[in-house]
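# Tertiary structure, described
Now for the letters of each chain:
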Amino acid sequence: MSHVITIIRAEHLGMCFGVRDAIALALGQAETGPLTILGDLVHNPIVVSELRDKGIAIAHEAGHVATQTVMVTAHGASQRTLANTRALGLTVVEATCPLVHVAHRAVAALVRDGCHPVIIGHRAHVEVRGLTDDLDAFDVVLDEDDVLKLDEHPRIGIAAQTTQSIDRVRHLVELIRRRFRRSDVRFVDTVCHPTKQRQSAALELARRCDVVIVVGGANSNNTRELVNTCRRFCSRVHHVQTESDLRPEWFGDVRAVGITAGTSTPDHVIDRVEQRIEQFSATRGERTFHAAESER
């Protein structure tokens with residue numbers, strides 16, 4: 001390859017404070033005694049592997065936990081799940097992101113006000129299960145077809161999985177309002193600020209670049225949302241988990257390559273992806289944006 005590739009990092013990318021705090025809490029707890037995490041702490045296989053290397057066990061059901069202390073992931077859990085886990089005699093430590101707690105409180109407030117809760121998100125996602133497991137009745141929607149299946153209620157309260165695209169959320173809220181004009185439809189915006197920052201920065205990145213590389217776990221919802229966001233303005237978007245997923249043919253005829261990353265992607269993984277792209281260029285690429293030092 002004979003030309004220079006300009007590498008542009010999104011202004012906001014990579015780990016958010018909720019993920020960093022959850023990892024720090026897990027590592028600190030593991031220093032005091034054996035620890036099991038109930039599910040994947042975050043949806044990134046590299047982070048999960050690094051936690052295992054520190055001796056932290058992972059179980060997907062409370063009944064399979066072999067340590068006294070168990071940690072709830074950053075995605076949160078329902079009060080029912082927490083109570084059932086404690087009923088087994090386990091000590092529960094919560095690594096739930098504070099912004100997921102905000103979403104839980106928002107849904108509870110809608111229900112107290114007599115609203116039928118509708119959650120915008122992936123029904124099987126651990127965060128959505130945590131938001132809905134305590135509810136007697138609810139609906140989960142992700143697209144227009146799901147909205148068409150909703151029944152009418154006098155009051156409807158809408159909240160969202162924290163890592164959903166805010167554009168999709170607003171679109172579905174408007175569809176629900178148009179479909180149920182006689183209902184009192186209330187919307188509480190629970191899409192978290194780091195997600196919004198990364199989506200907005202990804203849009204700007206996609207407008208400027210020939211190719212965009214999105215770094216993150218294959219099972220990470222917010223990473224997939226970044227891929228979808230970038231594809232609105234860039235036709236060549238590739239989702240990778242590590243630098244080994246990169247292919248030189250992606251960069252043969254490009255001048256500007258953008259890099260963004262999901263909220264559970266470690267900094268060192270992003271750095272290695274950038275370094276590998278630089279190797280595909282005749283000289284070192286130029287960075288023109290950098291991630292914010294702090295999301296707090």
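See the structure shown above.
Residues numbered from 1 in each chain as written. Predicted model: local features only at pLDDT ≥ 70, side-chain atom pairs only at ≥ 80, totals over all residues. Heavy atoms only, no water.

### Examining the overall build of the protein chain
Operational definition: For the purposes of this entry, the term helix denotes a DSSP run of H or I that reaches at least four residues, the term strand denotes a run of E that reaches at least two, and both are numbered from the N terminus. In these tables, accessible area is a Shrake-Rupley quantity obtained with a 1.4 Å probe, and a residue counts as shielded only by the protein chains included in the view. Residues scored as positive are Lys and Arg, those scored as negative are Asp and Glu, and His as well as the terminal groups of each chain are ignored. Where a charge lies is defined by one atom per residue type, namely NZ (Lys), CZ (Arg), CG (Asp) and CD (Glu).
The secondary structure content of the protein chain amounts to 10 helices and 12 strands. Element-wise, carbon and sulfur atoms account for 47% of the exposed surface of the protein chain, whose accessible area totals about 13,700 Å². Computed over 35 positive and 38 negative side-chain charges, the inter-centroid distance for the protein chain is 2 Å.

### Some points on the packing of aromatic side chains
Counted only if it meets this: Note on ring pairs: Phe, Tyr and Trp rings are taken, using the six-membered ring of Trp, and paired if centres are within 6.5 Å. Classes follow the plane angle, with under 30 degrees stacked, over 60 edge-to-face and the rest tilted. Definition used: whenever NZ (Lys) or CZ (Arg) falls within 6 Å of the ring centre and also within 35 degrees of the ring normal, the charge is taken to sit over that ring.
Following the criterion strictly, the structure yields two aromatic pairs and no others. A connected cluster of aromatic rings, assembled from ring pairs, spans W250, F251 and F280. Looking at R207, its charged tip hangs above the ring of F233, at a distance of 4.3 Å from the centre.

### Topic: the sheet that holds strand β4 (residues 69-72)
Here is the rule: Paired strands are those between which DSSP finds at least two bridges. Here an axis means a line fitted to C-alpha atoms, over the contact stretch when the element is a helix, while the angle between two N-to-C directions is reported on a 0 to 180 degree scale. Any two residues whose heavy atoms approach within 4.5 Å at even a single point are treated as in contact.
As summarised here, the arrangement of the four strands in space is β3-β2-β4-β5, forming an open sheet in which the pairing is parallel. Edge positions in the sheet fall to β3 (57-59) and β5 (91-94), since each of these pairs with one other strand and no more. Neighbour-to-neighbour, the strand axes of this sheet turn through a mean angle of 30°, independent of strand direction. Sheet strands in contact with helix α3 (residues 79-87) are β2 (35-38), β4 and β5, and its direction is about 145° off that of β5.

### Observations concerning the side chain of T190
Definition in use: Using a 1.4 Å probe on the protein chains alone, a residue whose accessible area is under 20% of its type maximum counts as buried, one over 50% counts as exposed, and one in between counts as partly exposed. Each polar contact in these results corresponds to two N or O atoms within 3.5 Å; when the atoms are within protein, one needs to be able to donate a hydrogen and the other to accept it, and residues that are neighboring in sequence are counted only if both atoms are side-chain atoms.
For T190, the position within the fold is in the loop between β9 (184-187) and α8 (193-208). The buried category is assigned to T190, whose relative accessible area is 5%. In this structure the side chain of T190 is engaged in a polar contact, spanning 2.6 Å, whose partner is the backbone oxygen of A160. Apart from residues no more than four positions distant in its own chain, T190 is found in contact with A103, A106, A159, A160 and T162.

### Regarding the sheet that holds strand β12 (residues 256-261)
One open sheet accounts for four strands, arranged β1-β12-β10-β11; its pairing is parallel. Each edge of the open sheet is held by one strand with a lone partner, namely β1 (6-9) and β11 (237-240). Direction aside, neighbouring strands of the sheet carry axes that sit 25° apart on average. Relative to β11, strand β10 (residues 211-215) runs parallel, the two sharing four bridges. Directly across from V215, in β11, lies its bridge partner V240. Its contacts with the sheet put α8 on β1, β10 and β12, and the angle it makes with β12 is roughly 170°.

### Focus: the nonpolar core
Test applied: The set of buried Ala, Val, Leu, Ile, Met, Phe, Trp, Tyr and Cys residues whose side-chain atoms join them within 4.5 Å is what this entry labels a nonpolar core.
By size, the foremost hydrophobic cluster in this structure holds 35 residues, and its most contacted members are V212, I213, L246, F251 and I277. For this core, the secondary-structure elements that each account for two or more residues are β1, α8, β10, α9 (221-230), β11, β12 and α10 (267-279). The element best represented in this core is β10, accounting for five residues. When near neighbours in sequence (up to four residues on either side) are disregarded, L246 contacts I213, V240, F251, V273, R276, I277 and F280. In terms of nonpolar packing, the next biggest core, distinct from the first, is built from 19 residues, M15, L35, M71 and A74 among them.

### Description of the pattern of salt bridges
Filter applied, for reference: By definition here, a salt bridge exists when the distance from a side-chain nitrogen of Lys or Arg to a carboxyl oxygen of Asp or Glu is within 4 Å.
In this structure the tally under the stated criterion is 13 salt bridges. Across the pair R155 and D184 runs a salt bridge whose closest N-O atoms are separated by 4.0 Å. In this pair, R155 is assigned in strand β8 (residues 155-160) and D184 in strand β9, connecting sequence segments 29 residues apart. We classify R155 as partly exposed; its relative accessible area is 36%. The residue E225 makes a salt bridge to R168 at a minimum N-O spacing of 2.6 Å. Of this pair, E225 sits in helix α9 while R168 sits in helix α7 (residues 166-179), placing them 57 residues apart in sequence. On the accessibility criterion, E225 (3% relative accessible area) is buried. One network of salt bridges, with partners in common, ties together D113, R155, D184 and R186.

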